[in-house]
2 protein chains.
Amino acid sequence: MPYGYTGKILHVDLSSATFREEETGEIFRRRFWGGWGFILYYLLREMDPIADPLGPENILVFATGPITGAPISGSGRHAIGAKSPLTGGFGASEAGGFWGAELKRAGFDAIVIRGKAPSPVYLWIHNGQAEIRDASHLWGKTTAEVQELITQELGDKSIRIAQIGPAGENLVRYACVTHDLRHFAGRCGLGAVMGSKNLRAIAVKGEGKVEIANPDRLAAIRQWLSENDEALLAGFRHTGTAGIVPYLNAVGGLPTRNFTLGHFDKAEEISGQKMAETILIDRGSCYACVVRCKRVVEVKEGPYPVDPVYGGPEYETIGALGSSCGISDLRAIARANQLCAAYGLDTISAGVTIAFAMECGEKGLLKSEEVNLRFGDPDTLLKLLEMIAFRRGLGDLLAEGVKRAAEKLGPEARNLAMEVKGQEVPMHEPRFKQALGLGYALSPTGADHNHNVHDDGYVKETRSSFRKARALGILEPLPRNDLGPAKVRLFFYELLWQIGYELWGICRFLPYDKHQVQEILQAVTGWDVSTWEMMKAGQRIYTMARLFNIKAGFSPADDRLPERFFEPFPEGPLAGEAIDREAFQKALELFYGMAGWDPKTGEPYLHTLAELDILSLL
Amino acid sequence: MPYGYTGKILHVDLSSATFREEETGEIFRRRFWGGWGFILYYLLREMDPIADPLGPENILVFATGPITGAPISGSGRHAIGAKSPLTGGFGASEAGGFWGAELKRAGFDAIVIRGKAPSPVYLWIHNGQAEIRDASHLWGKTTAEVQELITQELGDKSIRIAQIGPAGENLVRYACVTHDLRHFAGRCGLGAVMGSKNLRAIAVKGEGKVEIANPDRLAAIRQWLSENDEALLAGFRHTGTAGIVPYLNAVGGLPTRNFTLGHFDKAEEISGQKMAETILIDRGSCYACVVRCKRVVEVKEGPYPVDPVYGGPEYETIGALGSSCGISDLRAIARANQLCAAYGLDTISAGVTIAFAMECGEKGLLKSEEVNLRFGDPDTLLKLLEMIAFRRGLGDLLAEGVKRAAEKLGPEARNLAMEVKGQEVPMHEPRFKQALGLGYALSPTGADHNHNVHDDGYVKETRSSFRKARALGILEPLPRNDLGPAKVRLFFYELLWQIGYELWGICRFLPYDKHQVQEILQAVTGWDVSTWEMMKAGQRIYTMARLFNIKAGFSPADDRLPERFFEPFPEGPLAGEAIDREAFQKALELFYGMAGWDPKTGEPYLHTLAELDILSLL
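Residues numbered from 1 in each chain as written. Chains lettered and ligands numbered in written order. Predicted model: local features only at pLDDT ≥ 70, side-chain atom pairs only at ≥ 80, totals over all residues. Heavy atoms only, no water.

Take the interface of chain B and chain A next. Taken together, the contacts link 37 residues of chain B with 37 residues of chain A. In total, about 3300 Å² of surface goes out of reach between chain B and chain A, with carbon and sulfur atoms giving 60% of it. Broken down residue by residue, the surface that chain B buries against chain A is led by B:Leu475, B:Trp532 and B:Glu611, which jointly contribute 22%. Counting across the interface, chain B meets chain A through 6 salt bridges. Put simply, A:Arg489 and B:Asp613 hold a salt bridge, and the shortest N to O gap is 3.5 Å. Among the elements of the structure, α1 (26-32), α20 (485-500), α21 (514-525), α22 (531-551), α23 (581-595) and α24 (606-611) of chain B are those that each provide at least two residues to the side of chain B that touches chain A. Per-element tally for the side of chain B that touches chain A: the top contributor is α22(B), with 6 residues. A breakdown of the residues in the side of chain B that touches chain A according to their chemical character gives 16 nonpolar, 8 polar and 13 charged. (Contact = heavy atoms within 4.5 Å. Buried area = accessible area lost by both parts, 1.4 Å probe. Salt bridge = Lys/Arg side-chain N within 4 Å of Asp/Glu carboxyl O. Helix = DSSP H or I, 4+ residues; strand = E, 2+ residues; numbered from the N terminus. Nonpolar A, V, L, I, M, F, W, Y, C, P; charged D, E, K, R; others polar.)

What follows deals with the domain arrangement of chain A. The figure often quoted for interface size is the accessible area lost as the parts come together. Residue and element names in this part refer to chain A. Segmenting chain A into domains produces domain 1 (8-205), domain 2 (239-424) and domain 3 (434-617). Placing a centre on the C-alpha atoms of domain 1 and another on those of domain 2 gives a separation of 26 Å. Taken together, the contact between domain 1 and domain 2 spans 36 residues of the former and 35 residues of the latter. Taken together, both faces of the contact between domain 1 and domain 2 bury some 2900 Å²; the carbon and sulfur share is 53%. If you sort the residues of domain 1 by the area they bury against domain 2, Tyr 174, Arg 182 and Arg 187 come out on top, with a joint share of 26%. The tally of links from domain 1 across to domain 2 stands at 2 salt bridges. For Arg 173, the salt bridge goes to Glu 400, with nearest N and O atoms at 3.0 Å. For the pair domain 1 and domain 2, the interface holds 25 residue pairs in polar contact (both at pLDDT 80 or more). At the level of secondary structure, the elements contributing two or more residues to the side of domain 1 that touches domain 2 comprise α4 (143-154), α5 (166-169) and β11 (183-185). (Domains from an automatic or database assignment. Polar contact = N/O pair within 3.5 Å; in protein donor to acceptor, adjacent residues only side chain to side chain.)

Moving on to the packing of aromatic side chains. All names here are of chain A. Per the stated rule, a full pass over the model turns up 49 aromatic pairs over all chains. Ring centres of Phe 28 and Phe 38 lie 5.2 Å apart, and the angle between their planes is 20°; this geometry places the pair in the stacked category. Linking Phe 28 in helix α1 (residues 26-32) with Phe 38 in helix α2 (residues 36-46), this pair joins segments that are 10 residues apart in sequence. Centre to centre, the rings of Trp 224 and Tyr 512 are 6.4 Å apart; their planes meet at 40°, and the pair counts as tilted. Placement of Trp 224 in helix α7 (residues 215-227) and of Tyr 512 in the loop between α20 (485-500) and α21 (514-525) is noted, with a sequence separation of 288 residues between them. Judged by relative accessible area, which is 25%, Trp 224 ranks as partly exposed. Lying across the ring of Phe 566, Arg 581 places its NZ or CZ 4.5 Å from the centre. (Phe/Tyr/Trp six-rings, centres within 6.5 Å; stacked < 30°, edge-to-face > 60°. Buried < 20%, exposed > 50% of the residue type's maximum accessible area, 1.4 Å probe, protein only. Lys NZ or Arg CZ within 6 Å of the ring centre and 35° of its normal.)

What follows is the structure, given as structure tokens:
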């Protein structure tokens, strides 16, 4: 019974409670690869792009990549996608953990979910079998409660569970999907899509084996990593993603008080270093991974108790719920992280929306009798998270996301809404990293820091991003605060590479260079994949996402940034710095050209689709 | 004294008899690589594109690639380039042999030649030194005589000599450059450019070492080749390039009687197989190469004596001087090959021009009292070659190339001139391989079979071209007689790869797959080159060539094919088959889009130049 990367895709129709298996071959898998590629294939082929994202017509896809589940560090990733209720366009989010690998062991590379169950259900997928089970008794419960109940019900502690929380049930537009309580597909409101389908969870378990074409080649990379473990991973392991806080704060790139500032005077208190010294009790991992960048924190006493069952906050969470809200109490942030995890809220969108509400409160644009709308108040943060998850009072407005909330509050508030295409901006400052701003504006999923480029990695020959970019023919370092043609080229090339991380099922945090990722992909698939093929796959899928968005009604006017990023910082390390509007616009147009898109409509040209082998998806 | 790939470029001004050395670093070498890249860099930066190609303003470049001279089979290649007197645009041609490797051992990666010597000269480059020497006594002599005289004069039998023959001296527009009498840079009339500069020869000799970053990795590929020698090379070694004659004839793709037919009833008599059985006395090689595809033939008796000093005819020669002229006497063809070698004529252009004259003669469009202008007459062929080389009688007209000759003979003759952009069509039939026709039309150097794609290699999964193309993401075989979007994509991708062979200094006849060529390039340079970087280098240099041609006055109207290819074959295996004019035009437009060129002007867009990192060359 060897399951694994067999090319099987499970189709589930929740309306009719029926299943169907689809077999896929090399041509399908090598054209679309996995993750975003699979998701977009079904969205483009089988969905009306203007359908209501919270209606039964939306198609929700859970998709692994070829590397997911392979015995190599970084293989614990999968993607979830659908039309996003937050952006109204292509929505996708990736998670680490163990769920994706388990799905493969259970016999499927992906699950495609259509329709809506008449009442709450969950899916149980085990060793090639799929079952729809009642979830009425789970509705309204926290994620930890549901994890426990399903585990008991199925009588197997080793099952892996993807689920939404009450926020997803209540169609909060930035509800997330969590996996085994600690691994989040946070962005784009895919939890609300699950909720709209009355689908609370997907439990998976498999005894199958993920087939690897060339295990020896994987072993060699494992060996390389273990030999370089201390040099490459120790720091990251020690401080986790939030270890970057002091650096970003020092350079002026730490989003603070709803992006009004780029530095936070209490940054040290919320850093990964501080966390390691205080509330950290363990370091978690994903499938097969030696890095252990995940945090496990615990707070037993005081006003903000934290249960380690939910792991601990990542950098994005620290920024969004911390500095962005002007909050410096690490325990309160960890508590807020727990509420997001228990209720199933994306911490970035939640934090940015609350920071917006706080700024509106300070500016008199929004009033509340329930909470104190001021930066820096942890109790406001915690109370608002509850109110949002259950759509109570002001929480009902904020549950719509910062864009819709601002539209209700009027034009002045509109300028304070830090979002692109309706998705809240993550914790990286484009006035510090200017190409990243281009990436925010262009991202098909709205502001996103993942499929993107972080300019500060390319400013010196010694930076590892630059060193790895050499393989693509990037020969010279480039300043961070620049949007000239060479920067747009760098952005375009790295973007195509980065999209790969949404396809292959491998984590971008691993220290592999481009040749090593290629080597892993070759070893796993047995195909003689080149970097050209990989980059073109990235461009193909990025273009498919663009195509979906165009069909969903987007235009070049949606490739924009919040006004704030064009306004100079009033103080701090980057005082006076802003994105130059004209340079930004020129860079966008240059990018359109490079990407093969019509600058007037934003649409990919026919020759672009032909070159990317996706004319059939038009 | 380690010379080799040191990045040194020798600049020679023949007008002032001065030399200058230029040092280049990684950024220059990794952006332009060698061969075409170096040539076009100087043409674009330092030459007026509308200057007379036969005037002193033309810049003539001899350029190796990074792999040239490395201890690995296939490394014996270098390129020569200038503005072409045949096309009026970018001209380049590559040769095998030993000269390129010797130039590197003499301390230079390239030679850039400007101006015009007041009287005939040759260059002597040895161990980092360069010298201009009188060549008055060599003028008018055959290449074999000059080879002997220079060797004696310099007192070293191991020197390597690139030279022109009388045809180059007489500015025959398709005069070639020959190396050690047997290795030809045949195309684009670069021999005439040498002649216009009063430069008869360049002799080189070096005791330096070509530095290799990682010799062990090269050794591993050498080992692989030696283990697969029999399986991969024996057939090719046995019959040489002309071993393809029976196949092409059987499928109807053997250019016959000036392309009026695709099969030749006496094809067997001119095949590589027949050659091996009759006049072949040895098999020659290039630097470090185990393939031995080069022919050495000898005919001692009869009307067509052949001296083995000039090697022997390749497939292109067999086609152009043989079937294309309706000539089936292998000895006569070998004799004609010798005349071309001795006088320095490109065999393809010479054969196609003579075939044109023969057809014109048969159709009454051209009369001659000196020769019998009929297909199939070997004596006409041999006599015309002499007349062309020395521009005697009708030869003076034919020395201008088939385009200019046809223009003088009137519109009916114009339709019989098998050329693109003024360069005569090589021996591959685009009605059989339709994407190859696209390549003919688009090639910046005029009709060329090298940087091109041969459709018949992709029609089945078992074909080696298709198997190697998989690495680029070409997933499905494609029919040969098709110009749809998938074919244009295949053409575009393979073209970018093929341009690499004009850059790296490695031979396309070696059985290396794409990963192995990448491996060789990495091993030689020590750079972590990806296939992406290689393909983008191909696109960069192809775009530079386009840019030069646009500046020289070319427009999309020049991306055309001879009318004959749109007319169906009257008989034979491909009876009734022709290129569909509308499909061809659509394919061209699709290609323009993929290449990032403005379909109206044919010019690369600014964003294309930016993406390819060559905005500075505009």
